[in-house]
Amino acid sequence: PTTALRDLLDFHSDRASINIEEVEPVEEIVKQFCTGAMSLGSLSREAHETLAIAMNRLGGKSNSGEGGEDPIRFKVINDVDEQGNSATFSHLKGLQAGDIASSAVKQVASGRFGVTPEYLISGKQNEIKIAQGAKPGEGGQLPGKKVSPYIAMLRRSKPGVTLISPPPHHDIYSIEDLAQLIFDLHQINPQAGVSVKLVAEVGIGTIAAGVAKANADIIQISGHDGGTGASPLSSIKHAGVSWELGLTEVHRVLMENQLRDRVLLRADGGFKTGWDVVMAALMGAEEYGFGSVSMIAEGCIMARICHTNNCPVGVATQQEKLRKRFTGIPEHVVNFFYFIAQEVRSLLAKLGYRSLREIIGRADLLKMREDVRLTKTSTLDLNCLLQLPDTRNDRSFLEHEGVHSNGPVLDDQLLNDPEIQLCIRNQGSVTKDLAIVNTDRTVGTRLAGAIAKKYGNTGFEGQITLNFRGPAGQSFGAFNLPGMTLVLNGEANDYVGKGMHGGQIIIKPPAEATYDPAKNVIAGNTCLYGATGGTLFANGGAGERFGVRNSKGCAVIEGAGDHCCEYMTGGVIVVLGKAGRNVGAGMTGGFAYFLDEDGSFPAKVNPEIVNIQRVSSQKGEQQLKELIQSHAELTGSPKAQMILRNWSEYLPQFWQVVPPSEADSPEASSEVVEERELTPVQ
């Protein structure tokens with residue numbers, strides 16, 4: 001049946017057919033297949049891990065989706081018995097020795113759920129999800145019923161609380177911002193390519209040209225046919241464009257601007273057959289993503305109740321009793337993709353070509369179907385799909401360099417320092433003093449990546465202290481790790497502490513500064529975005545969206561712009577000065593304390609979710625005071641010292657911002673007795 005644009009087209013070869021034995025084997029073709037980005041949370045552990053294991057066996061790529069992954073998956077499964085069972089992964093069946101459950105593509109979405117240094121360093125590619133094909137313009141959503149304790153642990157959030165990713169990435173408001181995030185991801189893992197997932201739309205070619213210039217390695221074009229179990233019906237029915245239109249526009253614009261060789265193109269959105277793969281190849285795609293159909297291969301029956309947590313076959317649920325119904329094994333998925341690849345082989349043989357690579361971008365092998373007689377398609381002009389740049393002779397656009405480089409960076413100097421190398425190797429201690437300028441971006445991140453690769457998120461027991469002097473560029477201390485202390489005497493640009501997982505970042509004005517730090521901004525916008533740990537102390541104010549999507553980070557600053565603590569799910573933020581409007585919008589966890597010296601704070605709070613109250617419990621006062629004491633000690637803040645000297649006067653001027661999930665905690669209520677964990681009987 002004619003249900004998509006590609007169904008109006010047929011093949012039109014320029015040569016005689018060949019024997020299928022002359023075509024490249026299925027083992028080579030499947031390496032270009034990927035699964036769709038489906039998060040652990042939307043899918044059960046069993047379904048998510050089975051897909052990853054299957055794609056790793058094939059040499060293809062599974063995509064983690066936006067929920068993070070359990071670090072146990074990053075290692076080879078080495079305890080598989082003859083029956084295909086593993087004590088480590090006891091919930092899976094059909095395993096083989098040498099299997100690995102780590103997704104090759106690690107997604108970084110706007111919510112930054114589960115994005116830690118170890119997660120990023122374990123990826124073969126790191127993907128920035130700008131939007132989803134089925135619901136462009138909306139962020140991912142995970143209903144509270146699916147946020148089990150395990151999922152909440154991975155996402156650093158509260159069990160049972162609905163998780164919503166913001167519609168935009170709050171560190172991407174321009175193509176330059178996107179280039180900065182690409183730079184950040186190349187810093188943390190220089191061996192992993194960076195993919196940018198775009199949605200097919202009018203004008204996507206111009207966007208893709210910007211993405212290619214921004215140093216991305218892969219561009220993914222997602223079509224509207226992509227299924228997603230929790231999308232609003234209005235989006236599924238009325239939003240998005242087919243991948244055929246998006247892919248051909250991107251391929252054409254990149255070819256016309258001599259940019260096509262800089263990026264690999266991947267397409268997805270309703271792929272189901274080998275015929276779809278060959279169609280996409282002729283239109284310029286080099287890799288091919290399968291979402292819903294790969295889930296069907298492992299047991300999905302399309303019940304279409306993913307959002308209810310009641311999936312009857314254990315694919316899209318977190319309920320233990322339903323997950324036990326999951327019957328899929330990696331071999332089922334492997335076999336499905338082999339069949340797809342075999343169909344691709346037969347079509348290539350019919351066209352007279354020996355490999356998929358030979359037909360990429362060859363739209364001259366397509367023609368309009370003559371047997372389609374539909375009123376609604378009779379006046380369609382498909383030249384935009386058929387008339388692509390001529391690539392019959394010049395195939396150099398398929399010659400891609402390895403992972404793009406960031407060029408020389410300050411972190412290279414750090415990693416080449418023998419004392420720092422020794423410190424990482426022996427988990428020792430080292431202190432370094434360095435000058436920094438504002439073109440030194442994402443400083444400390446490559447160092448964090450090297451540590452995470454060796455020790456994971458929390459295994460490093462040494463101490464590296466780096467004292468910088470001067471103005472720091474963007475993303476200072478991004479993805480910082482425990483055991484790393486970055487001290488900056490100067491000021492910093494946007495994105496300080498983005499994605500930090502531990503350690504300390506301390507920012508203070510130069511000793512010779514004559515201004516009042518409390519009345520001046522010392523850090524830029526969107527600091528602590530997606531932080532999963534660590535502490536930040538800044539002797540001065542910060543810009544807009546401070547602490548957006550903070551999960552576990554703690555910070556003390558002396559002023560904040562608009563949208564402070566937006567979408568926060570954990571951690572503690574203390575602001576010793578004025579804040580902008582819309583405080584606490586979408587905040588579902590953690591605490592924030594704001595000093596309100598002029599009585600203007602209540603009007604600046606977004607009351608949709610959070611409540612505000614004075615600090616009434618002893619535990620809350622202790623939490624606040626200890627952070628201010630640390631701030632005073634580490635930054636020498638005159639304002640913090642004054643507050644501590646006059647504590648009884650200043651404490652009543654603080655407001656505590658409390659989301660519902662924290663209302664019954666000892667920090668928020670003096671009536672709650674803190675639970676004490678009993679020690680087991682010896």
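Computed from a predicted model, the values in this text were never measured in an experiment.

## As for the domain arrangement of the protein
Here's step 1: Domain annotation of the protein identifies domain 1 (5-323 + 331-392) and domain 2 (429-662).
Here's step 2: Counting residues at the interface gives 35 residues for domain 1, matched by 35 residues for domain 2.
Here's step 3: If you look at where domain 1 meets domain 2, you find three salt bridges.
Here's step 4: A salt bridge links glutamate 662 to lysine 158, with the shortest nitrogen-to-oxygen separation between them at 3.0 Å.
Here's step 5: Inspection of the domain 1/domain 2 interface yields 22 residue pairs in polar contact (both at pLDDT 80 or more).
Here's step 6: Secondary-structure elements contributing two or more residues to the side of domain 1 that touches domain 2 are helix H3 (117-121), strand E7 (163-164) and helix H5 (175-188).
Here's step 7: When residues of the side of domain 1 that touches domain 2 are assigned to their parent elements, the largest contribution, nine residues, is made by H5.
Here's step 8: Here the side of domain 1 that touches domain 2 is built from residues that sort into 17 nonpolar, 10 polar and eight charged.

## Regarding the layout of surface pockets
Here's step 1: By volume, the second largest pocket amounts to about 400 Å³.
Here's step 2: Partitioning the lining of the second largest pocket into residue classes produces six nonpolar, seven polar and nine charged.

## Remarks on the sheet that holds strand E21 (residues 611-614)
Within a sheet, adjacent strands bond to each other through the backbone by hydrogen bonds, running parallel or antiparallel.
Here's step 1: An order of E13-E14-E15-E16-E17-E18-E19-E20-E22-E21 is seen for the 10 strands of this open sheet, with the pairing classed as mixed. Two strands close off the open sheet at either side, each with one partner strand: strand E13 (429-435) and E21. For this sheet, the mean angle separating the axes of adjacent strands, direction not counted, is 15°.
Here's step 2: Here strand E15 (residues 484-492) runs beside strand E16 (residues 501-508); their pairing, made up of five bridges, is parallel. When the sheet's bridge partners are listed, leucine 488 is paired in E16 with isoleucine 507.

## Quick look at the side chain of glutamate 662
Here's step 1: For glutamate 662, the location among the structural elements is in the segment after strand E22 (654-658).
Here's step 2: A distance of 2.7 Å separates the side chain of glutamate 662 from the backbone nitrogen of glycine 590, its partner in a polar contact.
Here's step 3: Residues within four places of glutamate 662 in sequence aside, it is in contact with Lys158, Gly589, Gly590, Phe591 and Ala668.

## Section: unusual backbone geometry
Here's step 1: Located in the positive-phi region is arginine 156, a residue other than glycine, with phi close to 55°.
Here's step 2: By the element assignment, arginine 156 lies in the loop between helix H4 (149-155) and E7.
Here's step 3: Of the residues examined, arginine 156 reaches a relative accessible area of 18% and is grouped as buried.
Here's step 4: One non-glycine residue, threonine 442, adopts positive backbone phi at about 55°.
Here's step 5: Along the chain, the position of threonine 442 falls in the loop between E13 and helix H16 (445-455).

## Regarding the pattern of salt bridges
Here's step 1: This structure, assessed with the given rule, holds 33 salt bridges.
Here's step 2: Between aspartate 390 and arginine 392 there is a salt bridge, with the nearest N and O atoms lying 2.9 Å from each other.
Here's step 3: The class of aspartate 390 is partly exposed, set by a relative accessible area of 48%.
Here's step 4: Across the pair aspartate 562 and arginine 581 runs a salt bridge, and its minimum N-O distance is 3.4 Å. On the criterion of sequence distance, the pair formed by aspartate 562 in the loop between strand E18 (554-557) and strand E19 (569-575) and arginine 581 in the loop between E19 and strand E20 (589-595) is long-range, its members being 19 residues apart.
Here's step 5: Within this structure, Asp14, Arg15, Arg362 and Asp364 form a network of salt bridges that share partners.

## Some words on the nonpolar core
Here's step 1: In this structure, Phe33, Tyr288, Ile464, Phe468, Phe476, Phe546 and Phe594 are the most contacted members of the largest nonpolar core, which totals 154 residues.
Here's step 2: Per-element tally for this core: the top contributor is helix H12 (residues 330-351), with 11 residues.
Here's step 3: When near neighbours in sequence (up to four residues on either side) are disregarded, phenylalanine 468 contacts Leu410, Leu434, Ile436, Val443, Phe476, Leu486, Val487, Leu488 and Asn489.
Here's step 4: By size, the runner-up hydrophobic cluster in this structure holds 24 residues, among which are Val556, Phe591, Leu624 and Trp647.

## Regarding the packing of aromatic side chains
How two aromatic rings sit relative to each other is given by the distance of their centres and the angle of their planes.
Here's step 1: A full pass over the atoms with the stated rule returns 11 aromatic pairs.
Here's step 2: Considering the side-chain rings of tryptophan 647 and phenylalanine 654, the 6.4 Å spacing of their centres and the 40° angle between planes classify their relative orientation as tilted. As far as burial versus exposure is concerned, tryptophan 647 and phenylalanine 654 are alike and both buried.
Here's step 3: Among the aromatic residues, ring-to-ring pairing joins Phe33, Trp243, Phe271, Phe290, Phe336 and Phe337 into one connected group.
Here's step 4: It is arginine 15 that lies over the ring of tyrosine 353; its NZ or CZ is 3.8 Å from the centre.

## Remarks on the pairing of strand E8 (residues 193-199)
Here's step 1: By the criterion of burial, E8 is predominantly enclosed, with seven of the seven residues buried.
Here's step 2: Here E8 shows a buried face lined by Gly193, Ser195, Lys197 and Val199 and a second buried face lined by Val194, Val196 and Leu198.
Here's step 3: Both strand E5 (residues 125-129) and E8 contribute to a ladder of five bridges, which runs parallel. Across the sheet, the residue bridging to glutamate 127 is serine 195, located in E8.
Here's step 4: Bridge count for E8 against strand E9 (residues 218-222) is five bridges, and the pairing is parallel. Pairing of serine 195 across the sheet is with isoleucine 218, part of E9.
Here's step 5: Read as a crossover between parallel neighbours, the route from E8 over helix H6 (residues 204-213) to E9 is right-handed.

Rules used throughout
Residues numbered from 1 in each chain as written. Predicted model: local features only at pLDDT ≥ 70, side-chain atom pairs only at ≥ 80, totals over all residues. Heavy atoms only, no water. Domains from an automatic or database assignment. Contact = heavy atoms within 4.5 Å. Salt bridge = Lys/Arg side-chain N within 4 Å of Asp/Glu carboxyl O. Polar contact = N/O pair within 3.5 Å; in protein donor to acceptor, adjacent residues only side chain to side chain. Helix = DSSP H or I, 4+ residues; strand = E, 2+ residues; numbered from the N terminus. Nonpolar A, V, L, I, M, F, W, Y, C, P; charged D, E, K, R; others polar. 1 Å grid on protein atoms, 1.4 Å probe; cavity = no way out; pocket = protein on both sides within 12 Å on 5 of 7 lines; lining within 4 Å. Points joined across faces, edges and corners; volume = space filled by probe spheres on them. Pairing = 2+ DSSP bridges. Axes fitted to C-alpha atoms, helices over the stretch in contact; angles between N-to-C directions. Buried < 20%, exposed > 50% of the residue type's maximum accessible area, 1.4 Å probe, protein only. Core = buried A, V, L, I, M, F, W, Y, C linked by side-chain atoms within 4.5 Å. Phe/Tyr/Trp six-rings, centres within 6.5 Å; stacked < 30°, edge-to-face > 60°. Lys NZ or Arg CZ within 6 Å of the ring centre and 35° of its normal. Right-handed = clockwise from strand over helix to strand, strands pointing away.

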